[in-house]
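# Inside the fold
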Amino acid sequence: MAVSGISRVRRQLPTSPWLFAAPGLLVTGAFVLYPFVSTLVNSFTDRRTLIPGRFVGLANFRELLHDDMFWTGLRNSTLYVLGVVPLLVVLPLLLALLVQKNVPGITFFRSAFYTPVVASIVVVGLIWVWLLDDRGLVNAMLETVGVGRVGFLSDQWLLLMSAMAVTVWKGLGYYMIIYLAALGNVPRELHEAAAVDGAGAVRRFLSVTVPAVRSTMVLVGALSSVAAFKVFSEVYLLAGPSGGPAGEDTTLVMLVQRTGTGLTGRVGYASALSVVVFAVTVALMLLVLRADRKEDS
(Lines give C-alpha, C1' and ligand atoms only; values in the text may rest on other atoms or scores of the structure.)
Protein backbone atom coordinates (compact mmCIF):
# COMPACT_ATOMS: atom_id res chain seq x y z
CA MET A 1 0.00 0.00 0.00
CA ALA A 2 2.86 2.36 0.89
CA VAL A 3 4.67 1.53 -2.37
CA SER A 4 1.62 2.39 -4.45
CA GLY A 5 1.25 5.68 -2.57
CA ILE A 6 4.89 6.61 -3.30
CA SER A 7 4.49 5.78 -7.00
CA ARG A 8 1.34 7.88 -7.15
CA VAL A 9 3.19 10.86 -5.63
CA ARG A 10 6.01 10.42 -8.15
CA ARG A 11 3.52 10.48 -11.03
CA GLN A 12 2.05 13.73 -9.68
CA LEU A 13 5.37 15.54 -9.11
CA PRO A 14 6.05 16.62 -12.74
CA THR A 15 2.73 18.48 -12.92
CA SER A 16 2.75 19.96 -9.42
CA PRO A 17 5.20 22.85 -10.15
CA TRP A 18 3.12 23.88 -13.15
CA LEU A 19 -0.02 24.00 -11.00
CA PHE A 20 1.69 26.39 -8.59
CA ALA A 21 3.04 28.52 -11.46
CA ALA A 22 -0.22 28.50 -13.43
CA PRO A 23 -1.81 31.64 -11.86
CA GLY A 24 1.32 33.72 -12.46
CA LEU A 25 1.73 32.36 -15.99
CA LEU A 26 -1.90 33.13 -16.82
CA VAL A 27 -1.60 36.71 -15.57
CA THR A 28 1.70 37.20 -17.44
CA GLY A 29 0.25 35.75 -20.63
CA ALA A 30 -2.95 37.79 -20.45
CA PHE A 31 -1.47 41.16 -19.46
CA VAL A 32 2.11 41.03 -20.82
CA LEU A 33 2.68 38.51 -23.61
CA TYR A 34 -0.66 38.88 -25.40
CA PRO A 35 -0.59 42.73 -25.45
CA PHE A 36 3.03 42.64 -26.65
CA VAL A 37 2.30 40.24 -29.52
CA SER A 38 -0.91 42.10 -30.38
CA THR A 39 0.94 45.43 -30.51
CA LEU A 40 3.66 43.94 -32.70
CA VAL A 41 1.09 42.52 -35.13
CA ASN A 42 -0.96 45.73 -35.20
CA SER A 43 2.13 47.78 -36.04
CA PHE A 44 2.08 46.22 -39.52
CA THR A 45 -1.60 47.04 -40.13
CA ASP A 46 -3.72 50.16 -40.61
CA ARG A 47 -6.10 49.14 -37.84
CA ARG A 48 -8.28 51.78 -36.21
CA THR A 49 -10.33 51.66 -33.02
CA LEU A 50 -13.49 50.22 -34.62
CA ILE A 51 -11.95 48.89 -37.85
CA PRO A 52 -9.88 45.65 -37.91
CA GLY A 53 -7.53 46.97 -40.59
CA ARG A 54 -5.38 45.25 -43.17
CA PHE A 55 -1.73 44.38 -43.52
CA VAL A 56 0.35 47.35 -44.75
CA GLY A 57 3.86 46.08 -44.09
CA LEU A 58 6.32 48.78 -43.03
CA ALA A 59 4.10 51.69 -44.07
CA ASN A 60 3.57 52.86 -40.48
CA PHE A 61 7.31 52.87 -39.78
CA ARG A 62 8.00 54.76 -43.01
CA GLU A 63 5.40 57.32 -41.99
CA LEU A 64 7.19 57.80 -38.69
CA LEU A 65 10.27 59.06 -40.48
CA HIS A 66 8.24 61.90 -42.04
CA ASP A 67 6.18 62.74 -38.95
CA ASP A 68 7.37 65.95 -37.29
CA MET A 69 5.57 65.06 -34.06
CA PHE A 70 7.47 61.77 -33.86
CA TRP A 71 10.80 63.59 -34.01
CA THR A 72 9.55 66.13 -31.44
CA GLY A 73 8.53 63.32 -29.11
CA LEU A 74 11.84 61.50 -29.64
CA ARG A 75 13.77 64.70 -28.91
CA ASN A 76 11.83 65.40 -25.72
CA SER A 77 12.06 61.82 -24.46
CA THR A 78 15.82 61.78 -25.13
CA LEU A 79 16.32 65.12 -23.38
CA TYR A 80 14.31 63.76 -20.47
CA VAL A 81 16.69 60.83 -20.11
CA LEU A 82 19.75 63.10 -20.30
CA GLY A 83 18.33 65.51 -17.73
CA VAL A 84 16.84 63.09 -15.22
CA VAL A 85 19.07 60.00 -15.11
CA PRO A 86 22.33 61.62 -13.86
CA LEU A 87 20.42 63.29 -11.03
CA LEU A 88 18.60 60.10 -10.07
CA VAL A 89 21.89 58.19 -9.98
CA VAL A 90 23.81 60.68 -7.81
CA LEU A 91 21.30 62.51 -5.59
CA PRO A 92 19.65 59.42 -4.03
CA LEU A 93 23.12 58.10 -3.15
CA LEU A 94 23.97 61.32 -1.33
CA LEU A 95 20.58 61.24 0.35
CA ALA A 96 21.13 57.64 1.45
CA LEU A 97 24.47 58.61 2.98
CA LEU A 98 22.74 61.35 4.98
CA VAL A 99 20.01 59.10 6.41
CA GLN A 100 22.21 56.02 6.85
CA LYS A 101 23.43 56.93 10.31
CA ASN A 102 21.33 55.88 13.29
CA VAL A 103 20.74 59.18 15.07
CA PRO A 104 17.63 60.30 16.98
CA GLY A 105 14.81 61.29 14.63
CA ILE A 106 16.37 59.80 11.49
CA THR A 107 13.35 57.52 10.97
CA PHE A 108 11.17 60.59 10.50
CA PHE A 109 13.41 61.93 7.76
CA ARG A 110 13.57 58.55 6.00
CA SER A 111 9.77 58.44 5.97
CA ALA A 112 9.54 62.03 4.79
CA PHE A 113 11.93 61.45 1.90
CA TYR A 114 9.98 58.33 0.88
CA THR A 115 6.53 59.94 1.09
CA PRO A 116 6.54 61.29 -2.52
CA VAL A 117 7.10 57.73 -3.79
CA VAL A 118 3.81 56.45 -2.36
CA ALA A 119 1.86 59.59 -3.22
CA SER A 120 -0.43 59.44 -6.24
CA ILE A 121 1.18 60.90 -9.34
CA VAL A 122 -2.07 62.76 -10.09
CA VAL A 123 -2.00 64.42 -6.67
CA VAL A 124 1.70 65.21 -7.06
CA GLY A 125 1.08 66.68 -10.51
CA LEU A 126 -1.76 68.91 -9.28
CA ILE A 127 0.36 70.14 -6.37
CA TRP A 128 3.18 71.12 -8.71
CA VAL A 129 0.75 72.77 -11.13
CA TRP A 130 -0.57 74.92 -8.27
CA LEU A 131 3.00 75.75 -7.25
CA LEU A 132 4.30 76.62 -10.74
CA ASP A 133 1.21 78.21 -12.29
CA ASP A 134 1.41 81.87 -13.32
CA ARG A 135 -0.65 82.67 -10.21
CA GLY A 136 0.93 79.94 -8.11
CA LEU A 137 2.97 80.10 -4.93
CA VAL A 138 6.39 80.15 -6.60
CA ASN A 139 5.52 83.08 -8.87
CA ALA A 140 3.93 84.92 -5.96
CA MET A 141 7.20 84.59 -4.01
CA LEU A 142 9.21 85.70 -7.05
CA GLU A 143 7.03 88.78 -7.42
CA THR A 144 7.52 89.55 -3.74
CA VAL A 145 11.30 89.69 -4.14
CA GLY A 146 10.99 91.70 -7.36
CA VAL A 147 11.96 89.03 -9.90
CA GLY A 148 8.60 88.96 -11.67
CA ARG A 149 6.52 86.08 -12.96
CA VAL A 150 8.23 83.16 -14.70
CA GLY A 151 6.34 81.04 -17.24
CA PHE A 152 7.16 77.64 -15.79
CA LEU A 153 4.12 76.07 -17.48
CA SER A 154 3.94 78.27 -20.58
CA ASP A 155 7.53 78.23 -21.82
CA GLN A 156 8.53 75.16 -23.83
CA TRP A 157 11.86 74.46 -22.14
CA LEU A 158 10.88 75.60 -18.64
CA LEU A 159 7.87 73.30 -18.76
CA LEU A 160 10.03 70.32 -19.74
CA MET A 161 12.52 71.11 -16.97
CA SER A 162 9.67 71.49 -14.48
CA ALA A 163 8.43 68.03 -15.40
CA MET A 164 11.97 66.71 -14.91
CA ALA A 165 12.05 68.29 -11.46
CA VAL A 166 8.82 66.49 -10.55
CA THR A 167 10.24 63.16 -11.74
CA VAL A 168 13.45 63.63 -9.75
CA TRP A 169 11.56 64.76 -6.63
CA LYS A 170 9.20 61.79 -6.77
CA GLY A 171 11.93 59.23 -7.51
CA LEU A 172 14.52 60.29 -4.92
CA GLY A 173 13.02 58.25 -2.10
CA TYR A 174 12.62 55.09 -4.17
CA TYR A 175 16.23 54.96 -5.31
CA MET A 176 17.38 56.10 -1.84
CA ILE A 177 15.98 52.84 -0.41
CA ILE A 178 17.89 50.83 -3.02
CA TYR A 179 21.12 52.62 -2.12
CA LEU A 180 20.50 52.15 1.60
CA ALA A 181 20.37 48.39 1.07
CA ALA A 182 23.63 48.53 -0.90
CA LEU A 183 25.39 50.76 1.65
CA GLY A 184 24.50 48.32 4.39
CA ASN A 185 26.75 45.74 2.68
CA VAL A 186 29.81 48.01 2.53
CA PRO A 187 32.33 46.79 5.15
CA ARG A 188 32.94 49.41 7.82
CA GLU A 189 36.58 48.30 7.96
CA LEU A 190 37.22 49.83 4.53
CA HIS A 191 36.16 53.28 5.74
CA GLU A 192 38.18 52.90 8.92
CA ALA A 193 41.29 51.87 6.98
CA ALA A 194 40.88 54.82 4.61
CA ALA A 195 40.44 57.18 7.56
CA VAL A 196 43.61 55.84 9.17
CA ASP A 197 45.45 56.55 5.90
CA GLY A 198 44.35 60.15 6.17
CA ALA A 199 41.52 60.12 3.60
CA GLY A 200 38.86 62.75 4.14
CA ALA A 201 35.11 62.34 3.72
CA VAL A 202 35.15 63.17 0.00
CA ARG A 203 38.10 60.90 -0.65
CA ARG A 204 36.45 58.01 1.22
CA PHE A 205 33.27 58.58 -0.77
CA LEU A 206 35.09 58.40 -4.11
CA SER A 207 37.53 55.61 -3.19
CA VAL A 208 35.39 53.38 -0.97
CA THR A 209 31.67 54.10 -1.28
CA VAL A 210 31.37 54.58 -5.04
CA PRO A 211 33.31 51.41 -6.02
CA ALA A 212 31.35 49.39 -3.44
CA VAL A 213 27.93 50.46 -4.79
CA ARG A 214 28.87 50.73 -8.48
CA SER A 215 26.71 47.76 -9.46
CA THR A 216 23.77 49.40 -7.68
CA MET A 217 24.46 52.64 -9.54
CA VAL A 218 24.28 50.70 -12.81
CA LEU A 219 20.95 49.21 -11.73
CA VAL A 220 19.59 52.63 -10.80
CA GLY A 221 20.83 54.04 -14.09
CA ALA A 222 19.09 51.31 -16.08
CA LEU A 223 15.80 51.60 -14.18
CA SER A 224 15.71 55.39 -14.29
CA SER A 225 16.66 55.47 -18.01
CA VAL A 226 13.75 53.25 -18.99
CA ALA A 227 11.32 55.14 -16.72
CA ALA A 228 12.50 58.54 -18.01
CA PHE A 229 12.21 57.58 -21.67
CA LYS A 230 8.68 56.30 -21.10
CA VAL A 231 7.61 59.37 -19.13
CA PHE A 232 3.95 60.30 -19.49
CA SER A 233 2.16 61.39 -16.33
CA GLU A 234 4.41 64.27 -15.27
CA VAL A 235 4.46 65.97 -18.67
CA TYR A 236 0.77 65.23 -19.28
CA LEU A 237 -0.32 66.76 -15.98
CA LEU A 238 1.86 69.86 -16.29
CA ALA A 239 1.53 70.44 -20.05
CA GLY A 240 -2.00 69.13 -20.60
CA PRO A 241 -3.24 66.77 -23.34
CA SER A 242 -1.92 69.08 -26.05
CA GLY A 243 1.67 68.66 -24.86
CA GLY A 244 2.44 72.27 -23.99
CA PRO A 245 2.70 75.25 -26.35
CA ALA A 246 2.02 74.01 -29.90
CA GLY A 247 2.63 70.46 -28.67
CA GLU A 248 6.37 71.12 -28.39
CA ASP A 249 6.65 69.24 -25.08
CA THR A 250 5.01 66.05 -26.32
CA THR A 251 6.87 62.85 -25.45
CA LEU A 252 6.72 59.59 -27.37
CA VAL A 253 4.38 57.91 -24.90
CA MET A 254 2.08 60.95 -24.97
CA LEU A 255 2.06 60.68 -28.77
CA VAL A 256 1.13 56.99 -28.51
CA GLN A 257 -1.78 57.84 -26.20
CA ARG A 258 -2.97 60.72 -28.36
CA THR A 259 -2.75 58.77 -31.63
CA GLY A 260 -4.20 55.45 -30.54
CA THR A 261 -7.16 56.46 -28.38
CA GLY A 262 -10.64 57.68 -29.22
CA LEU A 263 -13.23 56.40 -31.66
CA THR A 264 -11.02 57.33 -34.61
CA GLY A 265 -7.72 56.30 -33.02
CA ARG A 266 -5.03 54.99 -35.36
CA VAL A 267 -4.23 51.80 -33.47
CA GLY A 268 -1.81 50.53 -36.12
CA TYR A 269 0.24 53.72 -36.17
CA ALA A 270 0.21 53.96 -32.37
CA SER A 271 1.40 50.36 -32.21
CA ALA A 272 4.32 51.22 -34.49
CA LEU A 273 5.20 54.07 -32.13
CA SER A 274 5.03 51.65 -29.20
CA VAL A 275 7.40 49.25 -30.94
CA VAL A 276 9.89 52.09 -31.41
CA VAL A 277 9.61 53.00 -27.70
CA PHE A 278 10.20 49.36 -26.77
CA ALA A 279 13.23 49.09 -29.07
CA VAL A 280 14.79 52.27 -27.69
CA THR A 281 14.27 51.21 -24.06
CA VAL A 282 15.89 47.83 -24.77
CA ALA A 283 18.78 49.66 -26.45
CA LEU A 284 19.18 51.88 -23.38
CA MET A 285 19.34 48.84 -21.11
CA LEU A 286 21.95 47.19 -23.34
CA LEU A 287 24.06 50.37 -23.45
CA VAL A 288 24.07 50.62 -19.65
CA LEU A 289 25.00 46.95 -19.29
CA ARG A 290 27.69 47.24 -21.94
CA ALA A 291 29.21 50.24 -20.17
CA ASP A 292 29.18 48.26 -16.92
CA ARG A 293 31.00 45.34 -18.55
CA LYS A 294 33.64 47.69 -19.99
CA GLU A 295 34.16 49.15 -16.53
CA ASP A 296 34.61 45.65 -15.08
CA SER A 297 37.12 44.68 -17.75
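Residues numbered from 1 in each chain as written. Predicted model: local features only at pLDDT ≥ 70, side-chain atom pairs only at ≥ 80, totals over all residues. Heavy atoms only, no water.

## Some points on helix H2 (residues 16-42)
Here H2 spans 37 Å end to end across 27 residues, near enough to the 39 Å set by a 1.5 Å rise per residue. Along H2, the sharpest change in direction is near 50° and occurs at alanine 22; proline proline 23 comes one to four residues later. (Helix = DSSP H or I, 4+ residues; strand = E, 2+ residues; numbered from the N terminus. Expected span 1.5 Å × (residues − 1). Bend = angle between axes of the 7 residues up to and from the residue.)

## Observations regarding the packing of aromatic side chains
Enumeration according to the criterion identifies 7 aromatic pairs in this entry. Here the aromatic rings of tyrosine 174 and tyrosine 175 are separated by 5.1 Å at their centres, their planes lie at 75°, and the arrangement is edge-to-face. Of the residues examined, tyrosine 175 reaches a relative accessible area of 7% and is grouped as buried. Directly above the aromatic system of tyrosine 269 lies the positively charged group of arginine 266, at a separation of 4.5 Å from the ring centroid. (Phe/Tyr/Trp six-rings, centres within 6.5 Å; stacked < 30°, edge-to-face > 60°. Buried < 20%, exposed > 50% of the residue type's maximum accessible area, 1.4 Å probe, protein only. Lys NZ or Arg CZ within 6 Å of the ring centre and 35° of its normal.)

## A closer look at the environment of leucine 158
Looking at where leucine 158 falls in the secondary structure, it is placed in helix H8 (residues 156-183). Judged by its relative accessible area of 27%, leucine 158 falls in the partly exposed class. Along the backbone, leucine 158 and phenylalanine 205 are 47 residues apart, and their C-alpha atoms lie at a distance of 33 Å. When sequence neighbours within four positions are dropped, the list of residues in contact with leucine 158 reads Val150, Gly151 and Phe152. (Contact = heavy atoms within 4.5 Å.)

## Examining helix H13 (residues 252-260)
Among all positions in H13, only Leu252, Met254, Leu255, Val256 and Thr259 are buried. Remark: glycine 262 follows H13 within two positions and exhibits a positive phi of approximately 95°.

## A word on a nonpolar patch on the surface
A surface patch of nonpolar side chains, about 680 Å² in accessible area, is lined by Phe36, Val37, Leu40, Val41, Phe278, Val282, Leu286 and Leu289. Listed by contribution, the elements that provide at least two residues to the nonpolar patch are H2 and helix H14 (267-296). For valine 37, the location among the structural elements is in helix H2. (Patch = residues over 30% accessible without salt bridge, like charges linked within 9 Å, V, L, I, M, F, W, Y side chains within 5 Å. Areas by Shrake-Rupley, 256 points an atom, 1.4 Å probe, with all protein chains shown as cover. Salt bridge = Lys/Arg side-chain N within 4 Å of Asp/Glu carboxyl O.)

Honestly, that's just the spatial picture; any functional story needs more than this.
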